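Residues per chain are reported as follows:
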Amino acid sequence: MISPQEAHVITTTTAQKTSLPSKAEVLASLEPLVERNMARHIEERKLWMPSDFMPASEQMTAEEERDLRELPDRVRGIPDAVRVSLALNLLTEEGLPHFHRLIAVYMGNENAWSRWNFLWTAEEDRHGCVLHDYVRDTRLFDMKAFERLQYQYLEAGFDPDWHDDPYQLLAYTSLQERATQAAHANTGKLASKHEPMIQRILGHIAADESRHFRFYRDAFIGLLEVDPTRAMESALKVMPRLAMPGHTIGGYIEMAEVVRRAGIYGPRDYRRVVAECLESWGIADLRPEDAAGREAQDKLMAVPARLDKLSDILERRTKSKSFSFDFIYRRGISFE
Ligand SMILES: [Fe+2]
Ligand SMILES: [Fe+2]
């Protein structure tokens, strides 16, 4: 929630100029909100380190040494479709430089948003680290094949078509955090039937993503309070077709298809993410004063039904198919 004083600043600025404030001005007015939410985030988080799960030290206990030694045997049963999901989750996490850059470009420097960007980046970095340590120490993947994908993904860059609109970044990050949370949690659930450590790791990552989601969600709620029409118009640009961060990864479409067919994450899950965002942003309860706002609101509220329709079509068209990937030794993964 923004305070009445902060709302007053925006209203006064708007009235004085008789035109809308720039989006950068609106974001600057939200900085006190960002500071408060960041303080809440720091107070409530439990900061863990990758080596809490994958220890590496010459002073490891005998038990830790044994657990690490046994890990490669214990992961053998993890199905290849779940490995593909783990690879996609890890690659997405390793795309962190793309996201740090986008937040810095869109939200500026030396302000509350950039302080959040540093904190958020430090937290996210552990996700890629711990998963990378896990897949390496368990020999889950052919690491060189996997590293090639990671290299290509970073080298390809990631430039979503947001037209210099920082509101789209805030809508995107809300959706993306919730989507990655679901993907990690669902992967962990399936993998844990074979090896429990990975579920603990993915559970901790998913909990981080949930707290990140709360930060971006509340920032977007603040935005809706002071600039509802433009906030909804921006959300409408990213919501119907979320450009997943990994879509520039070689073989991304096939990997996403395996993950969908394995029931781990797909358009139905994304629809749930969208519905939850609309609900928690309170879109249905807004009373836009202008026609553009009412139009954006109606279109946003129609997105879940549209996604349902697309999922129906996709599922109807799904035929049996086999997939194979270099990083899991080109073994065939078949779906009836
Ligand atoms: Fe993450
Ligand atoms: Fe996150």
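Worth saying up front: this structure is predicted, and the values here are computed from it rather than measured.

Visitor: I keep staring at the coordination of the iron ion (ligand 2) and nothing clicks. Help me out?
Guide: Tetrahedral coordination by four donors sets the ideal angle at the metal to 109.5 degrees; octahedral coordination by six donors sets it to 90 or 180 degrees. Around the iron ion (ligand 2), the protein contributes the donor atoms E124 (OE), E177 (OE), E177 (OE), E209 (OE) and H212 (ND1), at 1.8 to 2.8 Å from the metal centre. All donors of the iron ion (ligand 2) come from a single chain, and their spacing in sequence reads E-x52-E-x31-E-x2-H. Here the iron ion (ligand 2) and the iron ion (ligand 1) are spaced 3.9 Å apart, and both take E124 as a donor. With E209 and H212 both in helix α10 (residues 196-226), this residue pair falls 3 residues apart, about one helical turn.

Visitor: I tried to follow the environment of R148 on my own but got confused; where do I start?
Guide: Considering the arrangement of structural elements, one finds R148 in helix α8 (residues 143-156). Taking C-alpha positions, R148 is 44 Å from D298, a pair spaced 150 residues apart along the chain.

Visitor: What is the right way to read the confidence of the model for the protein from this model?
Guide: Do not read the predicted coordinates in detail wherever pLDDT is low. When the pLDDT values of the protein are averaged, the result is 93; 94% of them are 70 or greater. Contacts for the low-pLDDT stretch residues 11-17, under 50 throughout, to residues beyond four places or in other chains number 5 contacts.

Visitor: How do you make sense of the nonpolar core when you look at a structure like this?
Guide: One recurring pattern in soluble globular proteins: nonpolar side chains tend to sit buried together. Judged by nonpolar contacts, the single largest core of 99 residues is most densely connected at Y134, F141 and F327. The leading source of residues in this core is α10, at 13 residues. Among residues more than four places away in sequence, those in contact with F327 are R83, V84, A87, F141, D142, A145, F146, L149 and M255.

Visitor: Mind showing me how you'd approach the coordination of the iron ion (ligand 1) here?
Guide: Here the iron ion (ligand 1) is held by the protein donor atoms E93 (OE), E93 (OE), E124 (OE), H127 (ND1) and E209 (OE), which lie 2.0 to 2.3 Å from it. Counting along the primary sequence, the residues that act as donors to the iron ion (ligand 1) give the motif E-x30-E-x2-H-x81-E.

Visitor: What exactly am I supposed to notice about the packing of aromatic side chains here?
Guide: Pairs of aromatic rings are described using the distance from one ring centre to the other and the angle between the two planes. Applying the stated rule across the entire model yields 14 aromatic pairs. Their ring planes at 20° and their centres at 6.5 Å tell us that F99 and Y172 sit as a pair that is stacked. Placement of the pair is F99 in helix α6 (residues 96-107) and Y172 in helix α9 (residues 166-191), with a sequence separation of 73 residues. For Y172, a relative accessible area of 2% corresponds to the buried category. On the numbers, 5.4 Å between centres and 85° between planes, the contact of F215 with Y216 is edge-to-face. One cation-aromatic arrangement involves K23 over Y167; the distance from NZ or CZ to the ring centre is 4.6 Å.

Visitor: What exactly am I supposed to notice about α8 here?
Guide: An α-helical segment advances 3.6 residues per turn. Residues three or four places apart therefore align on the same side. Helix length check: α8 (14 residues) gives 20 Å between terminal C-alpha atoms against 20 Å at 1.5 Å per residue, within 8%. Every buried residue of α8 is accounted for by M143, A145, F146, L149, Q150 and Y153. Looking at the residues trailing α8, positive phi occurs at G157, about 75°.

Visitor: Hey, could you run me through helix α14 (residues 291-301) in this one?
Guide: What α14 keeps buried is the set G293, A296, Q297 and L300. Along the axis of α14, the buried residues cluster in a sector spanning 100°; they form a single face. Relative to its buried face, α14 has exposed residues pointing more than 90 degrees away, namely A291 and D298. The inward-facing, buried residues of α14 contact α11 (228-238), α13 (267-281) and α15 (303-317).

Visitor: For this particular structure, what's the right way to read the environment of H212?
Guide: Assessed through its relative accessible area of 0%, H212 is described here as buried. Once the C-alpha coordinates of H212 and L190 are considered, the two residues, 22 residues apart in sequence, prove to be 24 Å apart.

Visitor: Sorry if this is basic, but what is going on with the pattern of salt bridges here?
Guide: It is possible for side chains bearing opposite charge to pair when their charged atoms get close. Taken as a whole and assessed by the stated rule, the structure comprises 27 salt bridges. Of the charged contacts in the structure, one is a salt bridge between D80 and R331, with a shortest N-O distance of 2.9 Å. Here R331 lies in the loop between β1 (321-323) and β2 (333-335) and D80 lies in helix α5 (residues 80-94), a separation of 251 residues in the sequence.

What counts and what doesn't
- Residues numbered from 1 in each chain as written.
- Chains lettered and ligands numbered in written order.
- Predicted model: local features only at pLDDT ≥ 70, side-chain atom pairs only at ≥ 80, totals over all residues.
- Heavy atoms only, no water.
- Donors = N, O, S within 2.8 Å, 3.2 Å for Na, K, Ca; no water.
- Helix = DSSP H or I, 4+ residues; strand = E, 2+ residues; numbered from the N terminus.
- pLDDT = per-residue confidence, 0-100.
- Contact = heavy atoms within 4.5 Å.
- Core = buried A, V, L, I, M, F, W, Y, C linked by side-chain atoms within 4.5 Å.
- Buried < 20%, exposed > 50% of the residue type's maximum accessible area, 1.4 Å probe, protein only.
- Phe/Tyr/Trp six-rings, centres within 6.5 Å; stacked < 30°, edge-to-face > 60°.
- Lys NZ or Arg CZ within 6 Å of the ring centre and 35° of its normal.
- Expected span 1.5 Å × (residues − 1).
- Arc of directions from axis to C-beta.
- Salt bridge = Lys/Arg side-chain N within 4 Å of Asp/Glu carboxyl O.

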